[in-house]
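Inside the fold
Given next are the chains, with one letter for each unit.
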Amino acid sequence: MNRQRRNILKYGAILGAMPIASKFSAFSNLIGAQMSDIGSGLVRNGTVLTATHWGMLNVTVKDGIIVKSEPYQKVSGIYNSLQYYTADSVYKTRIKYPMVRKSYLQNPNSPKPELRGRDEWVRVEYEDAIKLVARELKKTRKEHGDESIYAGSQGWKSSGNFHSSTILLHRFMNLTGGAIVTMGNYSTGAVSFTMPHVVGSIEVYEQQTSWPVVLENSKVVVIWGANPILTLKIAWTTTDELGFKYFEELKSKDIEVVVIDPIRSETVKYYDKCKHIAPRPNTDVAMMLGMAHHLYISGKYDKDFIETYTYGFEKFLPYLLGKSDGVAKTPEWASKICQVKPEVIRELADKFMDNRTMFISGWSMQRAHHGEQPHWMLITLASMIGQIGLPGGGFGLSYHYANGGVPTCKGGVITGISRGNIGNFDENGKFTGTHKSPAVQAWIEKTKKYNFPAPRIADVMLHPGKVIDHNGKKITYPDIQFFYWAGGNPMTHHQDLNTLTKAMQKPRTVVVNEIYWTPTAKMADIVFPITTSFERNDIVMSGEYSNMHIVPMKQVVEKFAEAKDDYQVFSDLCKAYADGLYEVYTQNGKTEMDWIKEFYDAAYAQVKAVPDLSTDMKPFDEFWAENKPVIFASTPESDTYVRYGKFREDPILNVLGTPSGLIEIYSDVVAGFGYDDCWGHPAWFEPVEWLGMKDKPAEFHMISSHPEDRLHSQLNYTSLRDRYAINNREPIWINKNVAKRKGIKDGDLVRVFNKRGEIIAGAILTDDFGEDIVKINEGAWYDPDEKGCCKNGCPNVLTIDIPSSKLANGNIAHTALVNIEKFKGIAPELTAFKDPKFA
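Residues numbered from 1 in each chain as written. Predicted model: local features only at pLDDT ≥ 70, side-chain atom pairs only at ≥ 80, totals over all residues. Heavy atoms only, no water.

You can read under Sequence similarities (unreviewed entry) in the UniProt record for the protein the words "Belongs to the prokaryotic molybdopterin-containing oxidoreductase family." (UniProt positions renumbered as here; feature names shortened; annotations may be inferred.)

Secondary structure assignment for the protein yields 32 helices and 33 strands. Over its C-alpha trace the protein gives a radius of gyration of 27 Å, about what one expects of a compact globule, namely 28 Å for 839 residues. Structurally, the protein occupies a C-alpha span of about 90 × 70 × 55 Å along its principal axes. Taking all 839 residues of the protein together, 62% fall into the buried category. Sequence separation of 24 or more characterises 75% of the internal contacts of the protein that already satisfy a separation of 6 or more. Summed over all atoms, the accessible surface of the protein reaches about 31200 Å², with 51% contributed by carbon and sulfur. Taking the average place of the 97 positive charges on the side chains of the protein and the average place of its 97 negative ones, the gap between the two points comes to 4 Å. (Helix = DSSP H or I, 4+ residues; strand = E, 2+ residues; numbered from the N terminus. Rg over C-alpha atoms; globule rule 2.2 N^0.38 Å. Buried < 20%, exposed > 50% of the residue type's maximum accessible area, 1.4 Å probe, protein only. Contact = heavy atoms within 4.5 Å. Areas by Shrake-Rupley, 256 points an atom, 1.4 Å probe, with all protein chains shown as cover. Lys, Arg positive; Asp, Glu negative; His and termini not counted. Charge placed at Lys NZ, Arg CZ, Asp CG, Glu CD.)

Next up on the list: the pattern of salt bridges. In this structure the tally under the stated criterion is 45 salt bridges. Between Arg94 and Glu535 there is a salt bridge, and its shortest N-O distance comes to 2.9 Å. Highlighted residues: Arg94 in the loop between α4 (86-91) and β4 (99-101) and Glu535 in the loop between β22 (526-529) and β23 (538-541), separated in sequence by 441 residues. We note a salt bridge from Lys791 to Asp783, for which the minimum N-O separation is 4.0 Å. Among the residues examined, Asp783 registers a relative accessible area of 5% and is labelled buried. Taken together, the shared-partner salt bridges in this structure form one network comprising Arg101, Arg116, Asp119 and Asp525. (Salt bridge = Lys/Arg side-chain N within 4 Å of Asp/Glu carboxyl O.)

The next thing to look at is the side chain of Arg710. For Arg710, the location among the structural elements is in the loop between β28 (700-703) and α31 (721-724). Polar side-chain contacts of Arg710 include one of 2.7 Å to the backbone oxygen of Glu778. Once you skip the residues sitting within four places of it in the chain, Arg710 turns out to touch Leu82, Leu715, Asn716, Tyr724, Glu730, Asn777, Glu778, Gly779 and Ala780. (Polar contact = N/O pair within 3.5 Å; in protein donor to acceptor, adjacent residues only side chain to side chain.)

On the basis of which strands lie adjacent, the open sheet formed by 5 strands has the order β10-β9-β8-β12-β13 and parallel pairing. This sheet does not close on itself; its edge strands, each paired only once, are β10 (275-277) and β13 (394-396). Neighbour to neighbour, the strand axes of the sheet diverge by 20° on average, direction disregarded. Examined bridge by bridge, strand β9 (residues 256-260) and β10 share 3 bridges and lie parallel to one another. Paired with Val259 across the bridge in β10 is His276. (Pairing = 2+ DSSP bridges. Axes fitted to C-alpha atoms, helices over the stretch in contact; angles between N-to-C directions.)

This brings us to the packing of helix α13 (residues 284-298) against helix α18 (residues 373-385). Running from N to C, α13 and α18 cross one another at 20°; their axes reach a closest spacing of 9 Å. As far as their axial angle goes, α18 and α13 are roughly parallel. α18 is crossed by α13, and the crossing has left-handed handedness. From α13, Val285, Met288, Leu289, Met291, Ala292, Leu295 and Tyr296 reach across to α18, where they touch Gln373, Pro374, Met377, Leu378, Leu381, Met384 and Ile385. Of the residues assigned to the contact of α13 with α18, the class counts are 13 nonpolar, 1 polar and no charged. (Parallel < 35°, antiparallel > 145°, perpendicular 65-115°, else oblique. Left-handed = near helix turned anticlockwise from the far one by under 90°. Nonpolar A, V, L, I, M, F, W, Y, C, P; charged D, E, K, R; others polar.)

This next bit is on the environment of Val630. You can see Val630 is positioned in strand β25 (residues 630-631). A residue is classified by how much of its surface remains accessible, and Val630, at 3% relative accessible area, is buried. Each C-alpha atom of the pair Val630 and Arg141 lies 45 Å from the other, and the pair is 489 residues apart in sequence. The contacts of Val630, once residues within four sequence positions are left out, are Met548, His549, Ile550, Tyr600, Thr615, Asp616, Met617 and Phe623.

Attention shifts here to the UniProt feature "domain: Molybdopterin dinucleotide-binding" (unreviewed entry) in the protein. As annotated in UniProt, the feature "domain: Molybdopterin dinucleotide-binding" (unreviewed entry) corresponds to residues 700-815 in the numbering used here. Structurally, residues 700-815 is divided into 9% helix and 24% strand, and its ends, taken at the C-alpha atoms, are 11 Å apart.

For helix α7 (residues 165-175), a buried count of 11 out of 11 residues is recorded, marking the element as mostly surrounded by other parts of the structure. Within the span of α7, buried status applies to Ser165, Thr166, Ile167, Leu168, Leu169, His170, Arg171, Phe172, Met173, Asn174 and Leu175. Gly177 occupies a position one or two residues after α7 and carries a positive phi of about 135°.

Below, the discussion takes up the pairing of strand β31 (residues 757-766). Most of β31 is tucked away: 7 of the 10 residues are buried. Sheet topology places strand β29 (residues 731-735) next to β31; 5 bridges connect them, and they run parallel. Bridge assignment links Trp733 to a residue of β31, and that residue is Ile764. As paired strands, strand β30 (residues 749-754) and β31 are joined by 6 bridges and run antiparallel to one another. The partner of Val752 across the bridge, within β31, is Ile759. Linkage of β30 to β31, two consecutive antiparallel strands, is achieved through a turn of 2 residues.

All right, on to the sheet that holds strand β5 (residues 121-123) then. The strand order across the open sheet built from 6 strands is β5-β4-β22-β21-β20-β6, with neighbouring strands paired in mixed fashion. Every interior strand has two partners, whereas the edge strands, β5 and β6 (149-152), have only one. Within this sheet the neighbouring strands show an average axis-to-axis angle of 15°, counted without direction. Its contacts with the sheet place helix α6 (residues 126-144) against β4, β6, β20 (482-486), β21 (509-514) and β22, and it is angled at close to 135° to β22.

What follows covers the pairing of strand β24 (residues 549-553). In summary, the side chains of a regular strand alternate between the two faces of the sheet. Counting buried residues in β24 gives 5 out of 5 residues, a clear majority hidden from the surface. Burial along β24 is two-sided: His549, Val551 and Met553 and Ile550 and Pro552, pointing in opposite directions, are all buried. As paired strands, β23 and β24 are joined by 4 bridges and run antiparallel to one another. Within β24, the residue paired with Met541 across the bridge is Ile550. Where β24 meets β25, 2 bridges bridge the pair, whose relative direction is antiparallel. Looking across to β25, one finds that Ile550 is bridged to Val630.

The following block contains the structure:
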């Protein structure tokens, strides 16, 4: 209250001394965010509807302070723990002011990047931080070229179609001349580059066969390498939680559920009567090959489907039968690798063949060395079974993600702000407008040489100029001098974090827009404090695939300390960078509410253009004042949708996007690349580290699962951590027999280590997996001591930072062996959630 009163007095004095024309000045726009809070109509006492990745929320405010949050609606009985800790998201671990690293502020030309993460921080005025970033960005472009600028945003940015940090950053960078960006992502790095060669689309983000069709027609549902009872807590936009509802219905149906997972996951426990198969980690391809061999030798496979709908099966057969390498991929051969009995492999293959079977596959299998192979082989197996395109049969790669399979609703679609065009500047640095088409195409062609796969960021910074193979092309690593990150936390989600720390000390300038003092913010030179989604207005659609709701994301509380919206920061950077940019970036000064209304009105017009569309959609002012979601309904067509149904009906009229127009079990294109680590057909490749190798570098396979009470590293700072932290550390699950052998008890601190680094975690003893596995959830904030040991238990200190293969260059986080021992000595102080050192 005192701060608000001071602001009112301060800005009242400023406005009183200003001429009226000054409202159009740069300075008035700089303070506009704070001024707009005064009399903004925020609810001081009551409940406000908003949305997050983990669902629509009713947030209760008392005297302008968040005191409670809870789900807006419950559509299933599955508990979502993430929905009750909104206050912590606003009031804990926040960056309060613009900050600059001391050595950088003293001399940006010689900023001592080796001190990143250890240097002191200096609070600066917002306007000065803006001028500093604009000046250094302009200088970097002049001295090193546009290809030395990296615009990074690999992570789960906040929900909301307008305040998308990724888009807003790229829009700014494009307008100021362009920047290098990444290809692909960490979630689907291997499979997303493989599937276009196999089925002609990225596949992993496509709508699935409708859940009502599955529940009516499937006799067997195989959940392979997925944990939907946990991962469906979240969605990229905001979850509608209907995926939970359908997985609940699956439990009540007369459908056999088979879960294939090395551990007894939350999903295995939920389907307590399921058949649980636990292969050795990273060996799913061998298991699938054993099934395929059995089906072929027994003559049970669907020859008609193979001949009509696939290409290259006859080129795959010599490998399957061992004629090309002398090793037949029999169930016995597979069993030695995956540790599943040969008779079980045969039994499963027969079960899938004899019953209408839907493969629900997750993405964990492809976050591994040679991660291109599992889904390629799964589709090959599904092709041999021959049910692709039939109701309740085939495969789906996103049932576990963002409620795939929930029928798509018919209604208006909310759009968002675009990345914009490339800015053009004359020899004096004056902005002359945006490039026309030929110049834009020239820039796109240039960036094709330098844009790189997202998981290779550390390698890029450490080895500028290095040339790598990627998906049939050569990529030259750029020399990154200016690194700008907005949205995401790479200093936790990247692999081999000690190596990434060294890489982050290479660029001359690192700028981060961030809400919290994350490990990434602590590794920056300049930090802008950013608002949470609860401190600004926005709009979003729910369901990702269903598009069931349009949700108003109304500002709940005042902006925290000196936090700004990303839109404000980039708008002000445009002003400081060159005259004329601000007008283009903001389309002549549009506010957040101008954009939100524009997005809504476009959707409203779509709805009004369709006669008799069932919806309660109202004009924007009514919608916003009412503070309720718009609801759309599914259609008979979406309720009965079958993925690849039209392709099956007529593969000539409905060709796939592959060269043959068919499912490519063998890809001539991939074979033509000549890669030694990814051939023209799916195959078993021995991982760089795995439990079956000779001369293992460590004893245990580390599974780094999605956490139950976080979204990756989001919410790690909240009191949710009290639910799971062991002795104030991230938990490590250890087989009870192993723990007894090593003298480790429940609650003990454990040292987990390999040649890449070490971490400290708290022991939980379990029977959920075998003696050669340990489990640590990903997403714990990286908290290194002076030797690089993570005191908070982040498993990515221990993971391997090499590419999945030359085809996709995906990350291999799930391929890592570790050792464990009881921690000895005095536990170091945890500093992950504390402020860094201030000057």
